[in-house]
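Tertiary structure, described
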Amino acid sequence: MNGSAPLIQLKQVSKRYGDQDALTDIDLEIFNGEFITILGPSGCGKTTLLRLIAGFEPVSAGAIYLNGRDVADLPPEKREVNTVFQSYALFPHMSVYDNVAFGLRMRGLAPDEIRRRVGEVLNLVQLAGFEGRRPNQLSGGQQQRVAVARAIVNRPLVLLLDEPLSALDYRLRKQMQLDLKHLQRRLGITFVLVTHDQEEAFSMSDRVVVLNAGRIEQVGRPSEVYEQPHNLYVARFVGEINLLDGRVEQIEGERITLQIGHLKIGVKSNRAFAKGKAVHVLLRPEDLRVETLKDLADNPALKNSFADGGYFTGTVEETIYKGATYDVTVRLDGGRTITATEFFNAEDATIYFRPGDRVAVSWIEGWEVLLPHEG
Ligand code: ADP
Ligand code: MG
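This one's a predicted model, so the numbers in the text were calculated from it and none came from an experiment.

**Brief notes about the overall build of the chain**
Of the regular secondary structure elements, the chain holds ten helices and 20 strands. In terms of overall dimensions, the chain has a C-alpha envelope of 80 × 45 × 40 Å along the principal axes. Considering the chain as a whole, with its 375 residues, one finds that 48% of them fall into the buried category. Considering only contacts in the chain between residues 6 or more positions apart, those separated by 24 or more positions represent 66%. In the form shown here, the chain has an accessible surface area of approximately 18500 Å², with 48% of it arising from carbon and sulfur atoms. With 44 positive and 49 negative side-chain charges, the chain shows a spacing of 5 Å between the two charge centroids.

**A look at the sheet that holds strand β15 (residues 288-292)**
Pairing is antiparallel across the open sheet formed by five strands, whose spatial order is β15-β19-β16-β17-β18. Across the chains shown, the open sheet's two edge strands, defined by having one partner strand only, are β15 and β18 (337-343). Strand-to-strand twist across the sheet, computed as the mean angle between neighbouring axes with direction ignored, equals 45 degrees. In the sheet, strand β17 (residues 325-332) pairs with β18 via seven bridges, with the strands oriented antiparallel.

**As for the sheet that holds strand β10 (residues 215-220)**
As summarised here, the arrangement of the six strands in space is β6-β7-β8-β3-β9-β10, forming an open sheet in which the pairing is mixed. Each end of this open sheet is capped by a strand with a single partner; those strands are β6 (81-84) and β10. The sheet shows a mean angle of 20 degrees between the axes of neighbouring strands, direction not considered. In this sheet, β10 lies alongside strand β9 (residues 207-212) in antiparallel orientation, the contact comprising five bridges. Residue pairing in the sheet places Leu211 in a bridge with Ile216 of β10. With respect to the sheet, helix α4 (residues 140-152) is in contact with β6 and β7 (158-162), its orientation differing from that of β6 by roughly 170 degrees.

**Considering unusual backbone geometry**
Even without glycine at this site, Gln12 takes up a positive phi of about 50 degrees. If you trace the backbone, Gln12 turns up in strand β1 (residues 8-17). Positive phi is not limited to glycine here, since Asp25 has a value of about 50 degrees. Within the secondary structure layout, Asp25 lies in strand β2 (residues 20-30).

**Quick look at the pattern of salt bridges**
Going through the model one piece at a time under the given rule, you end up with 21 salt bridges. Glu113 is the salt-bridge partner of Arg116, the closest N and O atoms lying 3.2 Å from each other. You can see Arg116 and its partner Glu113 sitting in helix α3 (residues 111-124), three residues apart, about one turn around the helix. Exposure remark for Arg116: the relative accessible area of 44% places this residue in the partly exposed category.

**Things to note about helix α5 (residues 170-187)**
Compared with the 26 Å implied by 1.5 Å per residue over 18 residues, the 26 Å span of α5 between its first and last C-alpha is a close match. All of the buried residues along α5 are Arg173, Met176, Gln177, Leu180, Lys181, Leu183 and Gln184. Summarising the axial view, the buried residues of α5 lie within an arc of 160 degrees, below the 170-degree limit, and thus occupy one face. Facing away from the buried side of α5 by over 90 degrees, the exposed positions are Arg171, Arg185 and Arg186. Close packing links the buried residues of α5 with β3 (35-39), α3, α4, β7, β8 (190-195) and α6 (198-204). Looking one or two residues beyond α5, the residue adopting positive phi is Gly188, at roughly 70 degrees.

**Remarks on the pairing of strand β16 (residues 312-321)**
Across four bridges, the pairing between β16 and strand β19 (residues 358-363) is antiparallel. Bridge pairing in β19 links Thr313 to Ala360. The sheet contact formed by β16 and β17 spans seven bridges and is antiparallel. Residue pairing across strands places Glu318 opposite Thr329, the latter belonging to β17.

**What about the site of ligand 1?**
Looking at ligand 1, the residues that line it are Tyr17, Gln20, Ala22, Pro41, Ser42, Gly43, Cys44, Gly45, Lys46, Thr47 and Thr48. At 3.2 Å, a backbone N or O of Cys44 approaches an oxygen atom of ligand 1. Isolated, ligand 1 exposes 560 Å² of accessible area, and the fraction of that covered by the protein chains is 61%. Of all the secondary-structure elements, those providing two or more residues to the shell around ligand 1 are β2 and α1 (46-54). When residues in the shell around ligand 1 are grouped by element, the largest group, three residues, is from α1. Each residue belonging to the shell around ligand 1 can be placed in one class, and the counts come to four nonpolar, six polar and one charged.

Rules used in this analysis
- Residues numbered from 1 in each chain as written.
- Chains lettered and ligands numbered in written order.
- Predicted model: local features only at pLDDT ≥ 70, side-chain atom pairs only at ≥ 80, totals over all residues.
- Heavy atoms only, no water.
- Helix = DSSP H or I, 4+ residues; strand = E, 2+ residues; numbered from the N terminus.
- Buried < 20%, exposed > 50% of the residue type's maximum accessible area, 1.4 Å probe, protein only.
- Contact = heavy atoms within 4.5 Å.
- Areas by Shrake-Rupley, 256 points an atom, 1.4 Å probe, with all protein chains shown as cover.
- Lys, Arg positive; Asp, Glu negative; His and termini not counted.
- Charge placed at Lys NZ, Arg CZ, Asp CG, Glu CD.
- Pairing = 2+ DSSP bridges.
- Axes fitted to C-alpha atoms, helices over the stretch in contact; angles between N-to-C directions.
- Salt bridge = Lys/Arg side-chain N within 4 Å of Asp/Glu carboxyl O.
- Expected span 1.5 Å × (residues − 1).
- Arc of directions from axis to C-beta.
- Near = heavy atom within 4 Å.
- Polar contact = N/O pair within 3.5 Å; in protein donor to acceptor, adjacent residues only side chain to side chain.
- Nonpolar A, V, L, I, M, F, W, Y, C, P; charged D, E, K, R; others polar.

What follows is the structure, given as structure tokens:
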């Protein structure tokens, strides 16, 4: 991706509705063939962003470039961008075939060409044989596929998808996520998807844009966003997080000694921190290790493999069974509550901890994320 010119470029784009800022200073580059997802809660400006790219609304400030060209004066139908709307927006009185053919007819293509192209995309979305049905004779998933077919039949450079799966039930969503991803690979065109669902964003995208109250918080590959969140907002929005308060005691290169509660713990960070500064220590539930104090005492090898710097002690409050994993919630001595995710392994497929168990909590050094205290 690096080196090539972006297919879509937003430069300092803002959008206001009256005195309300829907988007503020958006800088974003989207590359040819990318699957990029705009992730954020309801009302954060996701749909607005798509509408600006599609040309349904003018920007209030800034500029949008498509293939290097400023599109300010280009109406939607001239942008080589197609949108799959959240509501699908199918024509209810038209057949599947006519819904998909509509745009091509508007553009005056020859009937043979229309027939060929509609047939092709209906095959692609696995709706061959459904040509004569009306939208209300289709399931939600099938309607969704008609909406996709109608958008890709125009062979756009970019497909914009506004929460395209939100009306579907869980299993169908999972299936459609895979189908859309495969479709994008086969077509080789750029998909810009909008969702409020972190798992959906991660499983489908090359890159994720985390949007919050009209501003971009972070852009990166799913693993970057999850493992190296730029700030607390991102860390909290993309999955579960445990937060401990620390203070920087000592710095030697990337190695930092932190005081967390009564413990001194060595961590790594390539961020610059000053001695004495308060920091947040972020730990994903799956990065935490929990052992009973009894096991630690009985098993010296275990003790050796447990954090050099020591461990926190606490009491198990509850365990929650989740199928492949279970969560164990521990109240640390000193007050904080943290949650660790444990994986079942084959020999030991029972929940290992019980409420009231005295436990040690640690993590593998280097897996923590340090952030400065904000504000
Ligand atoms: P999302 O798609 O992330 O839920 P939207 O882009 O729809 O968010 O909306 C972003 C903000 O802009 C919201 O506060 C919403 O109320 C406001 N907004 C969106 N469209 C309009 C409009 N046409 N007129 C006034 N306010 C709008
Ligand atoms: Mg929306």
